[in-house]
There are 2 protein chains.
Amino acid sequence: MTVQHPKDRYHHGDLKNALLQAAETLLAETGAAGLSLRAVAKAAGVSHTAPYRHFKDKAALLCALAQAGFERLRLAIHAAADAVPHDAGQKLIAAGSAYVTQAVRNPELTRLMFGGVTEPGDDGASHAADAAFESLVWIITAGVQAGAFRDRDPYELALVAWTSMHGLAMLIAAGLLQVDAGDEAQVDTLVRSVAQNLLYGISK
Amino acid sequence: MTVQHPKDRYHHGDLKNALLQAAETLLAETGAAGLSLRAVAKAAGVSHTAPYRHFKDKAALLCALAQAGFERLRLAIHAAADAVPHDAGQKLIAAGSAYVTQAVRNPELTRLMFGGVTEPGDDGASHAADAAFESLVWIITAGVQAGAFRDRDPYELALVAWTSMHGLAMLIAAGLLQVDAGDEAQVDTLVRSVAQNLLYGISK
DNA sequence: ACCTGAACACCGTTCAAGT
DNA sequence: ACCTGAACACCGTTCAAGT
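Residues numbered from 1 in each chain as written. Chains lettered and ligands numbered in written order. Predicted model: local features only at pLDDT ≥ 70, side-chain atom pairs only at ≥ 80, totals over all residues. Heavy atoms only, no water.

Asks: How do you make sense of unusual backbone geometry when you look at a structure like this?
Replies: Not every positive phi belongs to a glycine, and A:H86 is a case in point at roughly 70°. Within the element layout of this structure, A:H86 appears in the loop between α3 (58-82) and α4 (88-105). (Helix = DSSP H or I, 4+ residues; strand = E, 2+ residues; numbered from the N terminus.)

This is how it looks when you write it as structure tokens:
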């Protein structure tokens, strides 16, 4: 009768992940402002000082959460683009859709990711953010090489694609662009509209 | 000898503005997370409960701050577009530049404005946000009528313009796009690059 | 190594009380 | 009307102590 009840698992190296998972759940419920380290610890079933064994402070935990968000974002972009063969424009639309969809599904996480927790710059979160952007650059670069996009610096083209999709994602996450939470077709319509105008220009 | 020292002016209806001004200063220094109502009150020279005479709670004060930011944004967009006669594309670039410039100069305020404080929806902040967006719609609408832009729903065209400029502004405010704080020419270059691609499309 | 409990300085908010 | 001071429940963080 020693290590049967689940609480004991936290003494075996799982606490860090348990804390991150609890934090993400609380984040979605209360928002970053209302998230307290003590509540996270309580949700994970440990004392309110236990998290300091795994995270330097509250900011470090939020940073780790943001980093995980960026990594998921990179994977989602990658997977979405890979699922569409050949057509670079369609790949871009699929990637943008993945980007915006994650924001719609996790508005609080999105606000955390792009809310400046990643200020220090030297930490893993900004690295993960850069990697997510790189995945967009690759799509554009491939498109330029395939002759689908204008013959410019892929970074410049990727930047405008990134800003468009990011802006759409952030406006939705901020609640300034109303989107029915469940209606993913609506998200797709928005993304396609923005992407069409982006691909062919709004000028006559 | 009754009302000579400035503190007394707060007893004459100025406290609300004094609090807002103190809050904006502290916001720029510490960020929204580190901003405490008690520190704002102290900076304004009143007790820590005095703000409750003018704001329902801390969120209400932050909301008022965001609202002021949206109003300034609308005025800046309006002024920038007005300063460029005739050419709709140039008006759009000027408006976008004003949008991004405000974000570069006030990153913390920008994060506050678009960080979801305006959730309730029924308050003045979201109204002010809508008004700022409307100022972009007007520019596009005028451009469509003048035959400068594609003959589509101006809202759709304004949305893609908005998302692009908003995305650029937010990436800079989040620190993901490095911009020298003082270098406004760099901001202008970025805006022009995004606007060019937006106007003429990235597709070949 | 990993976790606890007491302690400290802070915070938002409420409320009775002062002018 | 407008502001104060004490009070309450909470918070992040530190630290000595336990196993």
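Asks: Help me understand the relation of the copies chain A and chain B, please; the structure alone is not making it clear to me.
Replies: Note: a rotation about an axis with an accompanying shift along it relates these two copies of the chain. With an RMSD of 0.0 Å, chain A superimposes on chain B once it is rotated by 180° and translated 0.0 Å along the axis. What we have between these two chains is a two-fold relation. Of the interface residues in chain A, 100% have counterparts in chain B that sit at the interface too, so the contact is made through matching surfaces. (Least-squares fit on C-alpha atoms with pLDDT ≥ 70 in both. Contact = heavy atoms within 4.5 Å.)

Asks: Explain the interface of chain A and chain B here, please?
Replies: Interfaces are frequently sized by the accessible area removed from exposure as the parts join. Listed as interface residues are 40 residues of chain A and, on the opposing side, 40 residues of chain B. Across the chain A/chain B interface, buried area totals approximately 4000 Å², and carbon plus sulfur atoms make up 62% of it. Taken together, the connections running from chain A to chain B amount to zero salt bridges. Counting across the chain A and chain B interface gives twelve residue pairs in polar contact (both at pLDDT 80 or more). Within the residue set of the side of chain A that touches chain B, elements represented by two or more residues are α5 (107-113), α7 (154-173) and α8 (184-200) of chain A. Counting residues per element, the side of chain A that touches chain B draws most heavily on α7(A), which supplies twelve residues. Looking at side-chain class alone, the side of chain A that touches chain B contains 21 nonpolar, twelve polar and seven charged residues. (Buried area = accessible area lost by both parts, 1.4 Å probe. Salt bridge = Lys/Arg side-chain N within 4 Å of Asp/Glu carboxyl O. Polar contact = N/O pair within 3.5 Å; in protein donor to acceptor, adjacent residues only side chain to side chain. Nonpolar A, V, L, I, M, F, W, Y, C, P; charged D, E, K, R; others polar.)

Asks: Help me understand the nonpolar core, please; the structure alone is not making it clear to me.
Replies: Soluble, globular proteins show a tendency: their nonpolar side chains are buried together. Counting 135 residues, the largest nonpolar core has A:V100, A:F149, A:W162, B:V100, B:F149 and B:W162 as the members making the most contacts within it. Here B:F149 is in contact with A:I202, A:S203, A:K204, B:A88, B:G89, B:L92, B:I139, B:I140, B:G143, B:V144, B:L157 and B:L199, once residues within four sequence places are set aside. (Core = buried A, V, L, I, M, F, W, Y, C linked by side-chain atoms within 4.5 Å. Buried < 20%, exposed > 50% of the residue type's maximum accessible area, 1.4 Å probe, protein only.)

Asks: In this structure, what is going on with helix α1 (residues 15-34) of chain B? I would like to understand it.
Replies: Owing to its 3.6 residues per turn, the α-helix brings residues three or four apart onto one side. All names here are of chain B. Along its 20 residues, α1 runs just 22 Å from first to last C-alpha, ending more than 12% under the 28 Å computed at 1.5 Å per residue. Residue A28 marks the point of greatest curvature in α1, where the axis turns by about 90°. Those residues of α1 that fall on the buried side of the exposure criterion are L15, A18, L19, L20, A22, A23, L26, L27 and G31. (Expected span 1.5 Å × (residues − 1). Bend = angle between axes of the 7 residues up to and from the residue.)

Asks: Help me understand the packing of helix α3 (residues 58-82) of chain B against helix α6 (residues 124-145) of chain B in this model?
Replies: A pair of packed helices is captured by two measures, namely the crossing angle of their axes and the spacing between those axes. Residues and elements named next belong to chain B. Two numbers describe how α3 lies on α6: the axes approach to 8 Å, and their chain directions differ by 15°. Put simply, α3 runs roughly parallel to α6. For α3 against α6, the interelement crossing comes out left-handed. Residues C63, Q67, F70, E71, L73, R74, I77 and A81 of α3 form the contact with α6, whose participating residues are G124, A125, A128, A129, A131, A132, S135 and I139. (Axes fitted to C-alpha atoms, helices over the stretch in contact; angles between N-to-C directions. Parallel < 35°, antiparallel > 145°, perpendicular 65-115°, else oblique. Left-handed = near helix turned anticlockwise from the far one by under 90°.)

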